[in-house]
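For reference, the chains in residue letters:
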Amino acid sequence: MPIWLQATLWGLLGGAALLIGAAVGYYAKVSAKVSSSVMAFGAGVLISALAFELMDEAYEQGGFDATAIGFLGGAVVYTGANWLLKKRGGHNRKRSGDQQTSEAETEGSGLALAIGALIDGVPESIAIGISMISGSNVSLAVVAAVFLSNVPEGLSSAVGMKKANRSKIYIFGVWGAIAVISGVAALLGYTVFSGLSPDVIAATTALAAGAILAMISDTMIPEAFEVTHDFTGLITVLGFLTAFLLSHAGG
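Computed from a predicted structure; not experimentally measured.

Asker: Just checking my understanding: could you explain the packing of helix α6 (residues 198-228) against helix α7 (residues 232-247) for this structure?
Answerer: The description of two packed helices rests on the angle between their axes and on the distance between the axes. In contact at an axis separation of 9 Å, α6 and α7 are set at 130° when each is read in the N-to-C sense. Comparing their axes, α7 and α6 come out oblique. Two secondary-structure elements touch here, α6 through I221, A224, F225 and T228 and α7 through T232, I235 and T236. Class assignment of the residues belonging to the contact of α6 with α7 gives a composition of four nonpolar, three polar and no charged.

Asker: I'm lost on the nonpolar core in this one. Help?
Answerer: The nonpolar side chains of soluble globular proteins are, as a tendency, buried together. L46, L54, I128, I212, I216 and M220 are the most contacted members of the largest nonpolar core, which has 36 residues in total. Residue contributions to this core peak at 12 residues, all from helix α2 (residues 32-86). Once you skip the residues sitting within four places of it in the chain, I212 turns out to touch L46, L50, L54, P123 and E124. In this structure, A22, M161, V174 and W175 belong to the second largest nonpolar core, which totals nine residues.

Asker: What should I look at first to understand the UniProt feature "transmembrane region" (unreviewed entry) in the protein in this one?
Answerer: Mapped onto this numbering, the UniProt entry annotates "transmembrane region" (unreviewed entry) at residues 7-28, 34-52, 64-85, 126-148, 169-188, 200-219 and 231-250. Secondary structure content for residues 64-85 is 100% helix and 0% strand, and the end C-alpha separation is 31 Å. In residues 200-219, helix accounts for 100% and strand for 0%; the two terminal C-alpha atoms are 28 Å from one another.

Asker: Any chance you could explain α6 here in plain terms?
Answerer: Side chains three or four residues apart in an α-helix point the same way, a direct result of the helix having 3.6 residues per turn. Over its 31 residues, α6 extends 42 Å from the first C-alpha to the last, a length consistent with the 45 Å expected when each residue adds 1.5 Å. Where α6 bends most, the angle comes to about 40°, and this point is I216.

Asker: Sorry, what's going on with the environment of V143 here?
Answerer: Topologically, V143 is positioned in helix α4 (residues 140-163). V143 sits in the buried class, given a relative accessible area of 4%. C-alpha separation for the pair V143 and S125, spaced 18 residues apart in sequence, amounts to 8.6 Å. What V143 contacts, discounting residues up to four positions off in sequence, is W10, L13, I128 and V138.

Asker: I'm lost on the side chain of T204 in this one. Help?
Answerer: Residue placement: T204 occurs in helix α6. Assessed through its relative accessible area of 16%, T204 is described here as buried.

Asker: How should I be thinking about the packing of α2 against α4 in this particular structure?
Answerer: The geometry of α2 relative to α4 is characterised by a closest axis approach of 8 Å and an angle of 155° between their N-to-C directions. In terms of orientation, α2 lies roughly antiparallel with respect to α4. Both α2 and α4 take part in a crossing whose hand is left-handed. Here S35, V38, M39, G42, V45, L46, A49, E53 and L54 of α2 lie close against α4, whose contacting residues are A141, V142, A145, V146, L148, S149, P152, E153, L155 and S156. In the contact of α2 with α4, the residues fall into 13 nonpolar, four polar and two charged.

What counts and how
- Residues numbered from 1 in each chain as written.
- Predicted model: local features only at pLDDT ≥ 70, side-chain atom pairs only at ≥ 80, totals over all residues.
- Heavy atoms only, no water.
- Axes fitted to C-alpha atoms, helices over the stretch in contact; angles between N-to-C directions.
- Helix = DSSP H or I, 4+ residues; strand = E, 2+ residues; numbered from the N terminus.
- Parallel < 35°, antiparallel > 145°, perpendicular 65-115°, else oblique.
- Contact = heavy atoms within 4.5 Å.
- Nonpolar A, V, L, I, M, F, W, Y, C, P; charged D, E, K, R; others polar.
- Core = buried A, V, L, I, M, F, W, Y, C linked by side-chain atoms within 4.5 Å.
- Buried < 20%, exposed > 50% of the residue type's maximum accessible area, 1.4 Å probe, protein only.
- UniProt positions renumbered as here; feature names shortened; annotations may be inferred.
- Expected span 1.5 Å × (residues − 1).
- Bend = angle between axes of the 7 residues up to and from the residue.
- Left-handed = near helix turned anticlockwise from the far one by under 90°.

This is the structure:
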């Protein structure tokens, strides 16, 4: 199987977890405590993956300068985009409570939610594609981290969307589209960056890591802490440890 197709399929797999989580959140009665707990676990998984997979890979390829520039750049870009979305009603897109605004309350908030979901998922998928540039083997730790974190993201957000009176077509349309775009982003991550210099690849990998860490801090941790409070740190550590063990399982 061509590597570009493998990258696409791995990206689709990671994105499909959003759809799975959304289905669970929409059809099952999931308590706020469970939703927040799995969000904290997913945050820990992602932190581990970006620390031991993405940042290490970026540093080995491009050194400190390219890694630092990309990492800070990713955080700046994500924070700026998230700030703009906040003004349009998309800031609480991962919240499972009553924080999400309806279209009646804030015009354009539906589009803001969709765009917010997109900017949350694209950096992760690009990182999957980039991880395949050096060979045909994908970084299973990155894929696992994306999948394990996307399930609670989709779950929590779908619960919040439902409470904000979003239609079933809208909710599953958004997450279905993001799943497909995740596959395309992984494909682009592999094909677009394959012919570029190690410094550019390193900076892009670190950029994805910076955007992911900013996303965790701005959207995932607040959702988790809102309900789990004193247990948020412990659950996040368990997620971190799980991803750490996965990344070193073959070592």
